[in-house]
Amino acid sequence: MRKLIRQLWPLLMLGFLINTAYSVMWPLTTIYLHNQLRLNLVVSGLILAAYSGCNVLGGYLGGVLADRYSAKRVGEVMLLGLLVDAAVGIFYNGLIAYPIVLVIFGLLTGGMLTLISALTAQLSHADSRLFNLLYIFINLGLVVGTASIGFLFHHSLRPIFGLLLICYGGAIGLWHWRAGTYEQQAEIPVTVRDEPAEATATLPFSPLMIVGLLVSLVLMWLTYAQWMSNVSVYIQAEGLGIKLYSYLWVYNGILLMVVQAVMARFSQPRFLMRQIIGGLLAIGGSFLLLTLTSGTGALFAAMTLLTLGEAIYVPGVPALINAQTVGDEGRYQGLVNACSSLGKAVGPVVGGLVIGQFASFSVLFLGCAVVDLLVVCGLGLTRYHYRTSEASH
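What counts and what doesn't
Residues numbered from 1 in each chain as written. Predicted model: local features only at pLDDT ≥ 70, side-chain atom pairs only at ≥ 80, totals over all residues. Heavy atoms only, no water. Helix = DSSP H or I, 4+ residues; strand = E, 2+ residues; numbered from the N terminus. Expected span 1.5 Å × (residues − 1). Bend = angle between axes of the 7 residues up to and from the residue. Buried < 20%, exposed > 50% of the residue type's maximum accessible area, 1.4 Å probe, protein only. Axes fitted to C-alpha atoms, helices over the stretch in contact; angles between N-to-C directions. Parallel < 35°, antiparallel > 145°, perpendicular 65-115°, else oblique. Left-handed = near helix turned anticlockwise from the far one by under 90°. Contact = heavy atoms within 4.5 Å. Nonpolar A, V, L, I, M, F, W, Y, C, P; charged D, E, K, R; others polar.

A. Broad picture of helix α7 (residues 207–228). For α7, built from 22 residues, the straight-helix expectation of 32 Å at 1.5 Å per residue is met to within 8% by its first-to-last C-alpha distance of 31 Å. Taken as a whole, α7 carries its principal kink of about 25° at L222. Summarising burial for α7: 17 of the 22 residues are buried, a large majority.

The following block contains the structure:
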């Protein structure tokens, strides 16, 4: 594991920097639109949908462009675009300018995260532990980004965009330095002598399982997006304050790193579907807990379940898909990021409509729990069909 980190630390740091920038932006989006720009939750949700829709498009285009052109050149253009976008955001972040800056941010961030995921997939050659390592660094960025909000945001977004400029400046330097080398290394599997050989095993391709996993991503992120948007409004409605919301995400990031550090040693392809199903059950349980109780303790308990589920589920899906699609990583990792972004796009809109229709957060949280349970049932049936088909051949 240490050898992997020494070999690939620039790629891991890229994931850290891009997600730090991402994580300092999205928790503020609903709050800024709703409280500072005075937009209602439905309109705020539509703006978030446009942002996430561009994130979907960016994720897909990032995968396609990575397969067809030089990933180094594509990444340099995207990072330069993010740098310019952040510079514009420092001076223009009003009712018209902020949504425009936001959707450009979504488009280019989606593309960069896909490029990083595609390079990880190509370098790993189905070693799921490399995904877990990347996820640890990505969630370190989550901790730094969300923790920075309390220090940087005081009714002005200028310090936030200033942090983005620092992150993208560092990312441009790392990308220019190492991206070309990683493109050349992608043709040769990363080998680590003290790793068991079974960690790099591939699995037979199953279109049904691929589709099921991609659909699960859309629906899981649709529910998870409530934590990223409407839960912040719920916390304020409960009179608990925005700092608690920031602390919850710091706790989320720290716990994610601890869980992922353990999983990075033990994750294996043949257990990935069980891992994914277990993660979904925990995520659904977090919403069920919010339905049944309230208060600071309940929020941290629910966040614990959400974090455990996220840590188990989120890296498991791209790792399982990658184990079945070696040689076509860019396309399928692009679909992974696109489906994730689609769920994030639809989630705030659906949540806003449910709250507007029923005037109840409990109905929203119960609905999310039911959706996650239905996804678990669907993946269970997919797993059964896959194992039956394999046994018959």
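Picking up where we left off.
B. Summary view of the environment of A147. If you trace the backbone, A147 turns up in helix α5 (residues 128–152). A relative accessible area of 26% means that A147 is categorised as partly exposed. In this structure the C-alpha to C-alpha distance between A147 and G253, which are 106 residues apart in sequence, comes to 9.6 Å.

C. Geometry of the packing of α7 against helix α10 (residues 272–292). Relative orientation of the contacting elements α7 and α10 amounts to 25°, with a least axis distance of 11 Å. Taken together, the axis directions place α7 and α10 in an arrangement best described as roughly parallel. Judged by the twist between their axes, the crossing of α7 over α10 is left-handed. Across the interface between the two elements, M209, L213, M220, T223, Y224, Q226 and W227 of α7 pack against M273, I276, L280, I283, S286, F287 and L290 of α10. Here the residues of the contact of α7 with α10 sort into 11 nonpolar, three polar and no charged.

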